[in-house]
Amino acid sequence: MPTLVLIRHAQAGHGFRDFDRPLTRAGRGQADRLGAALASRIGSVDIAVHSAARRTTQTFERVRARLAVGEHWADKGLYYADTEDAVALARAFDPGAASALIVGHEPTMSATGHYLAREGDRDLIGWGIPTATAIVLAFDGPWEGLGEAGCRVRDVLLNDPAL
């Protein structure tokens, strides 16, 4: 059963051009805790893609320091991506991959989670998820068949110092 993890980047600072906003000290801690929580819950991911924006890149790097990650890359298109773009990206993942992670922005990450989650699980995902939140989805079938209401929500890891 393939697993897809959608992450909203950790807390970023202000006073920079939006694309260049770095993580704050609190954001670095959020990303570290999230990486540790993901490592304990899912162990590893075969593929990871993150927006090329500074805050998503930094979030990914801090998560990757704690979570085993296979193939990974930055995708400039994720900065402006909508749900359709994020789903198309996931549908193109290597068919041999059992798990994948996407680090992106709001409102795309929560909207993508809502789109993919089956009807009874959608209430587990809030609209406008907080920074450093991960939505862990599982589904049957190949990546190319990923579609609306086809995933079970395995976990929602909220930005929480207790993670």
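The structure this text deals with has already been given above.
Not measured: the values here are computed from a predicted model.

1. Description of the overall build of the chain
Then step 1. Across its full length, the chain holds four helices and six strands.
Then step 2. For the chain, the succession of helices and strands along the chain, N to C, is β-α-β-α-β-α-β-α-β-β.
Then step 3. For 163 residues, the compact-globule estimate of 2.2 N^0.38 gives 15 Å, and the chain sits close to it at 14 Å.
Then step 4. C-alpha extents for the chain along the principal axes are approximately 40 × 30 × 30 Å.
Then step 5. Here the chain holds 163 residues, and 49% of them are scored as buried.
Then step 6. Split by element, the accessible area of the chain, about 7,400 Å² in all, is 49% carbon and sulfur.
Then step 7. Positive and negative side-chain charges of the chain, numbering 18 and 20 respectively, have mean locations separated by a distance of 10 Å.

2. Topic: the sheet that holds strand β1 (residues 3–8)
The pairing of strands in a sheet comes from backbone hydrogen bonds and takes either a parallel or an antiparallel form.
Then step 1. Spatially, the six strands line up as an open sheet ordered β3-β2-β4-β1-β5-β6, and their pairing is mixed. Here the strands that pair on one side only, and so sit at the sheet edges, are β3 (68–75) and β6 (152–157). On average, adjacent strands in this sheet sit at an angle of 20° to one another, irrespective of strand direction.
Then step 2. Judged from the four bridges that link them, strand β2 (residues 44–51) and strand β4 (residues 99–104) form a sheet pairing that is parallel. Of the residues in β4, the one forming a bridge with V49 is I102.
Then step 3. Most of the contacts of helix α1 (residues 25–42) go to β6, to which it runs at about 145°, and overall it touches β1, β2, β4, β5 (134–138) and β6.
Then step 4. Against the sheet, helix α4 (residues 108–116) contacts β1, β4 and β5, and its axis sits at roughly 150° relative to β1.

3. Remarks on the nonpolar core
Then step 1. Counting 25 residues, the largest nonpolar core has L4, F93, I102 and L137 as its most contacted members.
Then step 2. Contributions of two or more residues to this core are made by β1, β2, α3 (83–91), β4, α4 and β5.
Then step 3. Here the element with the most residues in this core is α3; it accounts for three residues.
Then step 4. Counting 15 residues, the second-largest nonpolar core is a separate cluster that includes V63, L101, V136 and L157.

4. Points about the environment of L157
Then step 1. Looking at where L157 falls in the secondary structure, it is placed in strand β6.
Then step 2. A residue is classified by how much of its surface remains accessible, and L157, at 2% relative accessible area, is buried.
Then step 3. Sequence separation between L157 and V136 is 21 residues, and the spatial gap between their C-alpha atoms is 8.0 Å.

5. Things to note about the packing of aromatic side chains
Then step 1. Considering all chains together, one arrives at five aromatic pairs under this definition.
Then step 2. Pairing F19 with Y79 gives two aromatic rings, centres 5.0 Å apart and planes at 75°, and the pair type is edge-to-face. Of this pair, F19 sits in the loop between β1 and α1 while Y79 sits in the loop between β3 and α3, and the two are 60 residues apart along the sequence.
Then step 3. Given the relative accessible area of 18%, Y79 is considered buried.
Then step 4. Ring centres 4.7 Å apart and planes at 85° place the aromatic pair Y79 and Y80 in the edge-to-face group.
Then step 5. You can call Y80 exposed: its relative accessible area is 69%.
Then step 6. Here the aromatic residues W73, F93, F139 and W143 are joined through ring pairs into a cluster of three or more.

6. Comments concerning the side chain of H50
Then step 1. Structurally, H50 is set in strand β2.
Then step 2. Those residues in contact with H50, other than ones at most four positions away along the chain, are T56, T57, F60, W73, A74, D75, L78 and V103.

How each quantity is defined
Residues numbered from 1 in each chain as written. Predicted model: local features only at pLDDT ≥ 70, side-chain atom pairs only at ≥ 80, totals over all residues. Heavy atoms only, no water. Helix = DSSP H or I, 4+ residues; strand = E, 2+ residues; numbered from the N terminus. Rg over C-alpha atoms; globule rule 2.2 N^0.38 Å. Buried < 20%, exposed > 50% of the residue type's maximum accessible area, 1.4 Å probe, protein only. Areas by Shrake-Rupley, 256 points an atom, 1.4 Å probe, with all protein chains shown as cover. Lys, Arg positive; Asp, Glu negative; His and termini not counted. Charge placed at Lys NZ, Arg CZ, Asp CG, Glu CD. Pairing = 2+ DSSP bridges. Axes fitted to C-alpha atoms, helices over the stretch in contact; angles between N-to-C directions. Contact = heavy atoms within 4.5 Å. Core = buried A, V, L, I, M, F, W, Y, C linked by side-chain atoms within 4.5 Å. Phe/Tyr/Trp six-rings, centres within 6.5 Å; stacked < 30°, edge-to-face > 60°.

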